[in-house]
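Single-letter residue listing:
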Amino acid sequence: MYRFQSLQRHWELNKSFVETHITTLKSVEGDGSGEFELLFSETVEWDFDYFPEYLRASTLSLSISLVENLLLSLCEDMAEELNTKINLVKDRMPYINKYILWLIHGCGIEIKIDEDVWIKIEAIRKVRNNFVHKIDKDIPEVIKEVISEMVSKIANDEKLITNEFVDEALCSISDLVKAIELAYIKFYETKKSQNAELTD
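As the structure is a computational prediction, the values presented were derived from the model and not from experiment.

Draft legend 1. Representation of the overall build of the protein within the structure. The number of helices and strands found in the protein is 7 helices and 0 strands. When the helices and strands of the protein are listed from N to C terminus, the series reads α-α-α-α-α-α-α. For the protein, the proportion of its 200 residues judged to be buried stands at 36%. Looking at the protein as shown, the accessible area adds up to about 12800 Å², and 52% of this sits on carbon and sulfur atoms.

Draft legend 2. The packing of helix 3 (residues 47-81) against helix 4 (residues 95-105), seen in detail. Orientation of helix 3 relative to helix 4, taken along the N-to-C sense of each, is 25°, at an axis distance of 9 Å. As far as their axial angle goes, helix 4 and helix 3 are roughly parallel. Remark: the crossing between helix 3 and helix 4 carries left-handed chirality. Contacts from Ile-64, Val-67, Glu-68, Leu-71, Leu-72, Leu-74, Cys-75, Met-78 and Ala-79 of helix 3 reach helix 4 at Ile-96, Tyr-99, Ile-100, Trp-102 and Leu-103.

Draft legend 3. Local environment of a nonpolar patch on the surface. A contiguous nonpolar surface patch, about 340 Å² in accessible area, is contributed by Trp-46, Tyr-50 and Tyr-54. Here Tyr-50 is to be found in helix 3. Among the residues examined, Tyr-50 registers a relative accessible area of 34% and is labelled partly exposed.

Conventions and cut-offs
- Residues numbered from 1 in each chain as written.
- Predicted model: local features only at pLDDT ≥ 70, side-chain atom pairs only at ≥ 80, totals over all residues.
- Heavy atoms only, no water.
- Helix = DSSP H or I, 4+ residues; strand = E, 2+ residues; numbered from the N terminus.
- Buried < 20%, exposed > 50% of the residue type's maximum accessible area, 1.4 Å probe, protein only.
- Areas by Shrake-Rupley, 256 points an atom, 1.4 Å probe, with all protein chains shown as cover.
- Axes fitted to C-alpha atoms, helices over the stretch in contact; angles between N-to-C directions.
- Parallel < 35°, antiparallel > 145°, perpendicular 65-115°, else oblique.
- Left-handed = near helix turned anticlockwise from the far one by under 90°.
- Contact = heavy atoms within 4.5 Å.
- Patch = residues over 30% accessible without salt bridge, like charges linked within 9 Å, V, L, I, M, F, W, Y side chains within 5 Å.
- Salt bridge = Lys/Arg side-chain N within 4 Å of Asp/Glu carboxyl O.

Okay, here's the thing in structure tokens:
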């Protein structure tokens, strides 16, 4: 919880910082010389595009990594609690899916995640992978459609990964984590109740 909350604050703070930085750079008038214009265009002008991209890519990467780490820790705790071994499916699929499947089938935790959340998480994961490596290029059309549904303000197809998309991605990841948390609490409450009945 603390890591997710900190990531949210990190995103909001740095989103504001980047916007201020770019606004400040755009207000620089220089001395009107060709040398200044060349120096500006060869150095800090690139920040206009790259700073927002770096922040968005890192935020998406951290958010997915936090979910993966959370699920791994939960699986390890459950394996120790139930005196069993983690046995992930061998099928080719994201680790998030593998961990959740093991928690459901290997531990008996009833994790219910809305299909809409699953679709968004898959889109976020694929975007993160493409975004980190290619920054907005070669995103499959089906993923672009999901992204378009997730955000209401997309300027054009060239800039699909906007601040609004990252905002929505963090909300979707929070929905996923909340569903896992509620299922985990329910599992332990049921187990506690069953143990109490056995000792009576």
